[in-house]
Amino acid sequence: MVTAEAAVFENELRERRTRLESLRPRMPGSSEIQMLLREVDDALLRLSQGSYGLCEECHDPIEKERLLADPLIRFCLDHLTVQERRAFEQDMETARNVQNALLPKAGLYAAWEIHYLYQPLGVVSGDYCDVVVRDSDPTRLLVLLGDVAGKGVGASLLMSHMHAMFRSLSTQRGGIDQIVEQANRLLCESTQQSHYATLACVETTPTGEVEVCNAGHCSPLVFCRHGASEIASTGLPLGLFSTGKFPPTKIQMEPGDVLLLYSDGLIESENATGEYFGAGRLMAGLQGARDLFNSEAIVDLCMRNLSKFLDGSKLNDDLTVLAIRRTERSAA
Ligand SMILES: [Zn+2]
């Protein structure tokens, strides 16, 4: 374990020790507190001896996300007891159900047609994806696609947190830059430093005017009659600095135009020769996107191109792709 990491865990362990000590007067004679204090002290000892974070069975490093969530664990996932394994699998199943219940409906939304593919690498995903009709103006849609740092249950919980936060913020008046700014402040206040998220936030109108705030996320792609272009990031990821600004990029989309949002799991997919799929290849493969006439076919084409490129190599990250297409039918 490198020094900076050890310092993080030492801090975490000492904080837990202080918390346990402060609980003692409220639970006099509690054997549980005694036992946990002993475990914390053992962990601090292992940290000073350099064996902290290694599985006591196989001596391989324990999964970092799990250790961050519970700095007292002593075994890697492969070496849990039957009971621990059952509990772990139950937790993952619950996390997956929670996550699936939060996914938005694909299909027609007024003058827009939306389709997406949400594919976790493991049981749960750290990608965030939502479509929200704005309360303050039901002709406007918010489309959100983000990527939470980290993996596993921790990332999926932060994803649920973002879901609830943006659902709530979307009911307020104001532009998406204000919504994203406030979300950033809330995340800065409420999560650990290691918790941050990139996000593309899109607001559509019935007349095809679209605003995009890109907070450190992979550039959304626009396909119009004149070709394809990227919408670069104009802000840092959310949850890093509370003063962040996220100026929106405005575009005009005509009937048939397509906006593609995706997570880095798509463009950072690597083939057997160590090459990335990349935004250039993604864009080139979708030049005919406007002629496909529906967003589901566009997402399918994108995935076919990726699978051809990977040629059997496995994905290495959560992956989300979402296509928003302005329908031919022009809204009033
Ligand atoms: Zn092990």
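Residues numbered from 1 in each chain as written. Predicted model: local features only at pLDDT ≥ 70, side-chain atom pairs only at ≥ 80, totals over all residues.

### Regarding the overall build of the protein chain
Summing up its helical and strand segments, the protein chain has nine helices and eleven strands in all. A principal-axis box enclosing the C-alpha atoms of the protein chain has dimensions of 70 × 50 × 35 Å. Classification of the 332 residues of the protein chain by burial places 34% in the buried group. Across the protein chain, the fraction of contacts at a sequence separation of at least 24, relative to all contacts at a separation of at least 6, is 67%. (Helix = DSSP H or I, 4+ residues; strand = E, 2+ residues; numbered from the N terminus. Buried ≥ 20, exposed ≤ 12 C-beta atoms within 10 Å, placed from the backbone. Contact = placed C-beta atoms within 7 Å.)

### Details of helix α2 (residues 31-49)
For α2, built from 19 residues, the straight-helix expectation of 27 Å at 1.5 Å per residue is met to within 8% by its first-to-last C-alpha distance of 27 Å. In the stretch just after α2, Gly50 is the one whose phi turns positive, near 85°. (Expected span 1.5 Å × (residues − 1).)

### Some details on the sheet that holds strand β10 (residues 258-262)
Two orientations exist for strands paired in a sheet by backbone hydrogen bonds: parallel and antiparallel. Spatially, β1-β2-β11-β10-β7-β8 is the arrangement adopted by the six strands of the open sheet, whose pairing is antiparallel. Both edges of this open sheet fall to β1 (107-109) and β8 (227-230), since each of them pairs with a single strand only. Strand-to-strand, the axes of this sheet are offset by a mean angle of 20°, without reference to chain direction. By the bridge criterion, four bridges tie strand β7 (residues 221-224) to β8 in an arrangement that is antiparallel. Bridge assignment links Phe223 to a residue of β8, and that residue is Ala228. Packed onto the sheet, helix α9 (residues 295-310) meets β2 (112-119), β10 and β11 (319-326) and runs at close to 35° relative to β2. (Pairing = 2+ DSSP bridges. Axes fitted to C-alpha atoms, helices over the stretch in contact; angles between N-to-C directions.)

### As for the domain arrangement of the protein chain
Assigned domains of the protein chain: these are domain 1 (3-79) and domain 2 (106-326). The gap between the C-alpha centroids of domain 1 and domain 2 is 37 Å. (Domains from an automatic or database assignment.)

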